[in-house]
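Architecture and fold: a report
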Amino acid sequence: MRISAEGGCDCRQVRYRLHDAPIVVHCCHCRWCQRETGTAFALNAVIESAKVELLGGAPERIDTPSQSGRGQAILRCPTCKVAVWSHYGGAGEAASFIRVGTLDDPDDCPPEVHIFTESKQPWVVIPEGAERFGQFYSGRDVPRIYGESGAARWRALRGG
């Protein structure tokens, strides 16, 4: 992905710019993501919140439960209600999980890892050789999945 990318909601009230490439792109197949998105999976580009610049109106925050029990804040356009990103309990406000479909060029962000594949829809075919985990991956998998640079960014984001 390019170092800088833009995106936003359908009505263009909420617009944002990413000032770096994502740390990682997750394709989450958990039942919670399926229910919340109304589709088979959620595709999220994870990036430091400090590297997300609002260019237009501010999204509204909707707090929802999550499978982990730590909750999720979904940020949606207050007008068209499109979810543009989330904050999850594990990383909190420090990380934004950008909905890849809201990027102007979503083709630039293919998934680097598929998570919660044990609950994926049976008709979803994950490409041969793609990183996949029945649940979530462990910390020892992070350098391989994120690369050394991404792993360092993730550690810094988490205060480590």
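Before any of the text, the structure's been laid out above.
Reference entry: report on the structure contained in this document. Here the structure is a predicted model, which is why all the values come from computation and not from measurement. (Residues numbered from 1 in each chain as written. Predicted model: local features only at pLDDT ≥ 70, side-chain atom pairs only at ≥ 80, totals over all residues. Heavy atoms only, no water.)

1. Description of the overall build of the protein
Note the cut-off: To qualify as a helix, a DSSP run of H or I must reach at least 4 residues; to qualify as a strand, a run of E must reach at least 2; elements of each kind are numbered from the N terminus. Atoms counted for the radius of gyration: C-alpha only. Globule rule: 2.2 Å times residue count to the power 0.38.
Of the regular secondary structure elements, the protein holds two helices and 10 strands. Listed by position from the N terminus, the elements making up the protein come as β-β-β-α-β-β-β-β-β-β-β-α. For 160 residues, the compact-globule estimate of 2.2 N^0.38 gives 15 Å, and the protein sits close to it at 15 Å. Dimensions along the principal axes, computed over C-alpha positions, put the protein at roughly 40 × 35 × 30 Å.

2. Some points on the sheet that holds strand β2 (residues 15–18)
Rules: Strands are treated as partners if at least two bridges between them are detected by DSSP. In this analysis, axes come from line fits to C-alpha atoms, helices being fitted only over the stretch in contact, and the angle between any two N-to-C directions falls in the range 0 to 180 degrees.
Strand order in this open sheet of three strands is β1-β2-β5, and the pairing throughout is antiparallel. One side of each edge strand has no neighbouring strand; the edge strands of this open sheet are β1 (5–8) and β5 (52–54). When the angles between neighbouring strand axes are averaged without regard to direction, this sheet yields 25°. Pairing geometry for β1 and β2, over four bridges, is antiparallel.

3. Some details on the pairing of strand β3 (residues 24–28)
Heads up, the condition is: Relative accessibility under 20% of the residue-type maximum defines a buried residue, over 50% an exposed one, and the middle range a partly exposed one, all with a 1.4 Å probe and only protein chains included.
Where burial is concerned, most of β3 is hidden: five out of the five residues are buried. Where burial is concerned, the two faces of β3 agree: the one with V24, H26 and C28 and the one with V25 and C27 are both buried. The sheet contact formed by β3 and strand β4 (residues 42–48) spans five bridges and is antiparallel. Bridge pairing links V25 to A45 in β4. Taken together, the three bridges between β3 and strand β10 (residues 113–115) define a ladder with parallel strand orientation. Paired with C28 across the two strands is I115, which belongs to β10.

4. Let's talk about helix α2 (residues 142–157)
Definition in use: Between the first and last residue of a helix there are one fewer steps than residues, each counted as 1.5 Å, and that sum is the expected span. Note that bend, as reported per residue, equals the angle between axes fitted to the 7 residues terminating at that residue and the 7 residues originating from it. Only heavy atoms enter the contact rule, under which two residues are in contact if any of them lie within 4.5 Å.
Compared with the 22 Å implied by 1.5 Å per residue over 16 residues, the 14 Å span of α2 between its first and last C-alpha is markedly short. Of all the bends in α2, the greatest measures close to 100° and is centred on E148. Taken residue by residue, α2 has V142, I145, Y146, G150, A151, R153, W154 and L157 as its buried positions. Contacts made by the buried residues of α2 are with β3, β4, β9 (95–99) and β10.

5. What to know about the nonpolar core
Which entries qualify depends on this criterion: Throughout this description, the term nonpolar core refers to a set of buried Ala, Val, Leu, Ile, Met, Phe, Trp, Tyr and Cys residues connected via side-chain atoms within 4.5 Å.
In terms of nonpolar packing, the biggest core is built from 22 residues, with V24, A95, V113, Y137, I145, Y146 and W154 touching the most fellow members. Taken together, the elements giving at least two residues each to this core come down to β3, β4, β9, β10 and α2. Looking at which element gives the most residues to this core, the answer is α2, with six residues. Apart from residues lying up to four places away in sequence, W154 is in contact with I23, V46, A91, A95 and Y146. Counting residues in hydrophobic clusters, the runner-up holds 17 residues, among them A5, A45, I47 and C109.

6. Overview of the packing of aromatic side chains
For clarity, the cut-off: Any two of the Phe, Tyr and Trp rings considered here, Trp counted by its six-membered ring, make a pair once their centres fall within 6.5 Å; the pair's planes then place it as stacked at under 30 degrees, edge-to-face at over 60, or tilted in between.
Scanning the model with the defined rule gives seven aromatic pairs in all. With a centroid separation of 4.6 Å and an interplanar angle of 75°, the aromatic rings of Y88 and F97 are classed as edge-to-face. Across the pair, F97 and Y88 agree in class, each one buried. Ring plane angle 45° and centroid distance 6.3 Å describe the contact between F116 and F136, whose orientation is recorded as tilted.

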